[in-house]
Amino acid sequence: DAKTTQPTSMDCAEGRAANLPCNHSTISGNEYVYWYRQIHSQGPQYIIHGLKNNETNEMASLIITEDRKSSTLILPHATLRDTAVYYCIVLGGTSYGKLTFGQGTILTVHP
Amino acid sequence: EAQVTQNPRYLITVTGKKLTVTCSQNMNHEYMSWYRQDPGLGLRQIYYSMNVEVTDKGDVPEGYKVSRKEKRNFPLILESPSPNQTSLYFCASSYKTSGRAGELFFGEGSRLTVL
């Protein structure tokens, strides 16, 4: 199953865009990239997912490189409530069922 | 309301006393899974189930059992809990794991302490 690599922590000023990178260089053709976030010790919350095209929803945008080996989650106008741990995972294909979350990126949004 | 419900939310128990953490989803999801979360180690998968009567090990299955007799329920069983199983546990479900429908819905977590 494809593994992901994320920076341990990042900072962002309130109101600015937060760009969170994820490396998934072993991703296979039918595997999707999913992003989740976890605030304090709550259950992780789905943010967005994509296969190869860029995606946008009301929460965030997802930019996937053409070779699909990396992606970036963009929170366009970060707020203090976006302070959380962000997880990037790869899902589908032969990684069917067995999921590896990793440690994620701790995003801290500063006033 | 679509949800994943875990019980108990908090539990303090003693070594060796069998316990079950229940997980139920009301979304007719095929896929269900259990995770534990420990400081500095992120979310680690314990077991998962692709459908009724189909279960498989995740990354840290030792000391745990699961069953999937009905689609909506996926209990986590600790036959003989030990202190190293003190952790925050999450159950999650999704319609499929085929990529497009793989969005996971998580429960609120169960904080377990084994003395």
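Scroll up for the structure.
Remember, predicted model here, so these are calculated numbers, not experimental data.

1. Let's talk about the interface of chain A and chain B
Taken together, the contacts link 21 residues of chain A with 27 residues of chain B. Taken together, both faces of the contact between chain A and chain B bury some 1,900 Å²; the carbon and sulfur share is 56%. At the junction of chain A with chain B, the criterion picks out one salt bridge. The interface formed by chain A and chain B includes 10 residue pairs in polar contact (both at pLDDT 80 or more). Where the side of chain A that touches chain B is concerned, the elements lending two or more residues are β3 (32-38), β4 (45-50) and β8 (84-91) of chain A. For the side of chain A that touches chain B, the element with the highest residue contribution is β3(A), accounting for four residues. Classifying every residue of the side of chain A that touches chain B gives 10 nonpolar, 10 polar and one charged.

2. Examining the environment of A:Y87
Position of A:Y87 among the secondary structure elements: in strand β8. When the C-alpha positions of A:Y87 and A:Y34 are compared, they lie 8.2 Å apart, and in sequence the two are 53 residues distant. Setting aside residues no more than four positions away along its own chain, A:Y87 makes contact with A:Q6, A:Y34, A:W35, A:Y36, A:Q38, A:F101, A:G102, A:Q103, A:G104, B:Q37, B:G42 and B:L43. Polar contacts involving the side chain of A:Y87 include one to the side chain of A:Q38, which spans 3.3 Å.

3. Some remarks on the sheet that holds strand β7 (residues 70-75) of chain A
Spatially, four strands are ordered β2-β7-β6-β5 (chain A) in an open sheet, and the strand pairing comes out antiparallel. Every interior strand has two partners, whereas the edge strands, β2 (18-23) and β5 (55-56) of chain A, have only one.

4. Concerning the side chain of B:S110
All names here are of chain B. Looking at the secondary structure, you find S110 in strand β11 (residues 110-114). Taking relative accessible area as the criterion, S110 reaches 3% and is therefore assigned buried. Side-chain polar atoms of S110 contact the side chain of Q6, separated by 3.0 Å.

Each value, and the rule that gives it
- Residues numbered from 1 in each chain as written.
- Chains lettered and ligands numbered in written order.
- Predicted model: local features only at pLDDT ≥ 70, side-chain atom pairs only at ≥ 80, totals over all residues.
- Heavy atoms only, no water.
- Contact = heavy atoms within 4.5 Å.
- Buried area = accessible area lost by both parts, 1.4 Å probe.
- Salt bridge = Lys/Arg side-chain N within 4 Å of Asp/Glu carboxyl O.
- Polar contact = N/O pair within 3.5 Å; in protein donor to acceptor, adjacent residues only side chain to side chain.
- Helix = DSSP H or I, 4+ residues; strand = E, 2+ residues; numbered from the N terminus.
- Nonpolar A, V, L, I, M, F, W, Y, C, P; charged D, E, K, R; others polar.
- Pairing = 2+ DSSP bridges.
- Buried < 20%, exposed > 50% of the residue type's maximum accessible area, 1.4 Å probe, protein only.

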